[in-house]
Amino acid sequence: MKSLFFQKIVVITGSSMGIGKSMALSLARQKAKIVINARSIDKLIATENEMKALGFDVLAVAGDVTLEEDCKRLIETTIAHFGTIDILINNAGVSMRGAVEDLSPQVIATVFNSNAVAPYVLTKMAMPYIKKNKGSVVFISSLAALRGLPYLSVYSSAKMALKGLAQSLRIEHVNDGIHIGLIYIGITKIDKGKTTLGSNGTLIDLEQRDGLLANTANYVAEKIVRNIALRKRTTVVSVTGKFYYFLVSVFPFLIELILNHSQKRLKKLYS
Ligand SMILES: NC(=O)c1ccc[n+]([C@@H]2O[C@H](COP(=O)([O-])OP(=O)(O)OC[C@H]3O[C@@H](n4cnc5c(N)ncnc54)[C@H](OP(=O)(O)O)[C@@H]3O)[C@@H](O)[C@H]2O)c1
């Protein structure tokens, strides 16, 4: 049987490693044509070569999604090469650490721009093609968006903005037959080289997460691909994620109590 993704043109931001790369591989296996993107050219080209060696149709477009001209180039290069866009996955995003009172304005801007502003800009630019193809726009959010988390404030609120964006788009395009997916991801095992921003803008290398609660990037990617295939509105990844989603929605005071009790430990860990 022909794959649902056969010859679909998929743009995935932030896809040289981690969940973005896993999605690229999964969709390419299902015969989609993939545009990968990231800032660092070496890692991006290595991923492109790896995918080409597997026989996949892939195009790498280097660029920083926080820059309007790079977003424009990503969309224009995709159109010049593949002719259209069926699916846009807004995946690129950086996280941060630190108390609000310590955050440099540059960190606030960088985290907001990559996680929230870039998805607006790219969705706007890709929309004519997505509309024509009755395609999908997907936003990669986080369980951190379900309520404001201490020492992760900018990341939490930038990811929260994606819910508003998804809701607005669904109404604006109610008659266009397009799919808008919103994905809440929890703790995921990370690739070597994953970093987060410290409060003053220094890059902090994150340690590997091997706990039982951490999902693999491949598992998370499969859930996102399933969201697109079934054209679901919202996906909360994993049983633990769903349990947290339930607690935050039904017993928000309980989560606040737990966070209050953990404040000192969280401060030590994250600020
Ligand atoms: N991993 C988790 O536990 C987790 C949990 C919840 C949500 N998420 C979300 O899932 C998404 C993917 O996370 P991940 O853990 O797979 O990330 P990751 O391993 O850190 O990879 C991030 C990718 O995005 C690229 N990138 C970062 N900033 C960019 C920018 N401004 N422009 C273009 N590319 C950029 C990176 O390459 P360059 O650095 O070379 O640009 C890399 O390819 C993110 O939106 C993240 O917030 C992750």
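Residues numbered from 1 in each chain as written. Predicted model: local features only at pLDDT ≥ 70, side-chain atom pairs only at ≥ 80, totals over all residues. Heavy atoms only, no water.

Scanning the protein for helices and strands turns up 8 helices and 9 strands. Here the C-alpha atoms of the protein give a radius of gyration of 18 Å, agreeing with the 18 Å that 2.2 N^0.38 yields for 271 residues. For the protein, the spread of C-alpha atoms along the three principal axes comes to 55 × 40 × 35 Å. Among the 271 residues that make up the protein, the fraction classed as buried is 50%. Expressed as a percentage of contacts within the protein between residues at least 6 apart in sequence, the contacts between residues at least 24 apart total 70%. In the structure as shown, the protein presents an accessible area of about 13800 Å², 56% of it carried by carbon and sulfur atoms. Each charge class in the protein can be summarised by its mean position, and for the 34 positive and 20 negative side chains these summaries are 8 Å apart. (Helix = DSSP H or I, 4+ residues; strand = E, 2+ residues; numbered from the N terminus. Rg over C-alpha atoms; globule rule 2.2 N^0.38 Å. Buried < 20%, exposed > 50% of the residue type's maximum accessible area, 1.4 Å probe, protein only. Contact = heavy atoms within 4.5 Å. Areas by Shrake-Rupley, 256 points an atom, 1.4 Å probe, with all protein chains shown as cover. Lys, Arg positive; Asp, Glu negative; His and termini not counted. Charge placed at Lys NZ, Arg CZ, Asp CG, Glu CD.)

It is worth spelling out the sheet that holds strand E6 (residues 179-185) at this point. Pairing is parallel in the open sheet, where 7 strands are placed in the order E3-E2-E1-E4-E5-E6-E9. The sheet terminates laterally at strand E3 (58-62) and strand E9 (234-236), the two strands that pair on one side only. Across this sheet, the average inter-strand angle for adjacent strands is 15°, counted without regard to direction. As defined by bridge partners, strand E2 (residues 33-38) adjoins E3 across 5 bridges and the pair is classed as parallel. Each bridged residue has a counterpart across the sheet, and for Ala 38 the counterpart in E3 is Ala 62. In the packing of helix H2 (residues 41-53) onto the sheet, contacts are made with E2 and E3, and the angle to E3 comes to roughly 175°. (Pairing = 2+ DSSP bridges. Axes fitted to C-alpha atoms, helices over the stretch in contact; angles between N-to-C directions.)

Moving on: the packing of aromatic side chains. Following the criterion strictly, the structure yields 3 aromatic pairs and no others. Ring centres of Tyr 184 and Tyr 245 lie 6.0 Å apart, and the angle between their planes is 55°; on these two criteria the pair is classed as tilted. Pair noted here: Tyr 184 is in strand E6 and Tyr 245 is in helix H7 (residues 239-250), with a separation of 61 residues, a long-range link. Arranged with centres 6.1 Å apart and planes meeting at 90°, the rings of Phe 251 and Phe 253 form a pair that is edge-to-face. (Phe/Tyr/Trp six-rings, centres within 6.5 Å; stacked < 30°, edge-to-face > 60°.)

As a further point, take the layout of surface pockets. There is about 200 Å³ of room inside the second largest pocket. Forming the boundary of the second largest pocket are 13 residues, of which Leu 146, Lys 163, Leu 182, Tyr 184 and Tyr 245 lie nearest the centre. Sorting the residues of the lining of the second largest pocket by element identifies helix H5 (153-172), E6 and H7 as the ones contributing at least two each. With 4 residues, H5 is the single largest residue contributor to the lining of the second largest pocket. (1 Å grid on protein atoms, 1.4 Å probe; cavity = no way out; pocket = protein on both sides within 12 Å on 5 of 7 lines; lining within 4 Å. Points joined across faces, edges and corners; volume = space filled by probe spheres on them.)

Here the focus is the site of the ligand. What surrounds the ligand is a group of 29 residues, the closest being Ser 16, Arg 39, Asn 91, Tyr 155 and Arg 209. At a separation of 2.8 Å, an oxygen atom of the ligand approaches a polar side-chain atom of Lys 159. Contacts to the ligand include Thr 188, whose backbone N or O atom sits 3.0 Å from an oxygen atom. Bound to the protein, the ligand loses 93% of the 890 Å² it would expose on its own. Among the elements that line the shell around the ligand, the one with the most residues is strand E5 (residues 136-142), at 3 residues. (Near = heavy atom within 4 Å. Polar contact = N/O pair within 3.5 Å; in protein donor to acceptor, adjacent residues only side chain to side chain.)

On to the side chain of Asn 91. In this fold, Asn 91 is placed in the loop between strand E4 (87-90) and helix H4 (105-133). There is a polar contact of 2.8 Å between the side chain of Asn 91 and the backbone oxygen of Gly 14. Among all residues touching Asn 91, those that are not within four sequence positions of it are Ile 12, Thr 13, Gly 14, Ile 19, Gly 20, Met 23 and Ile 140.

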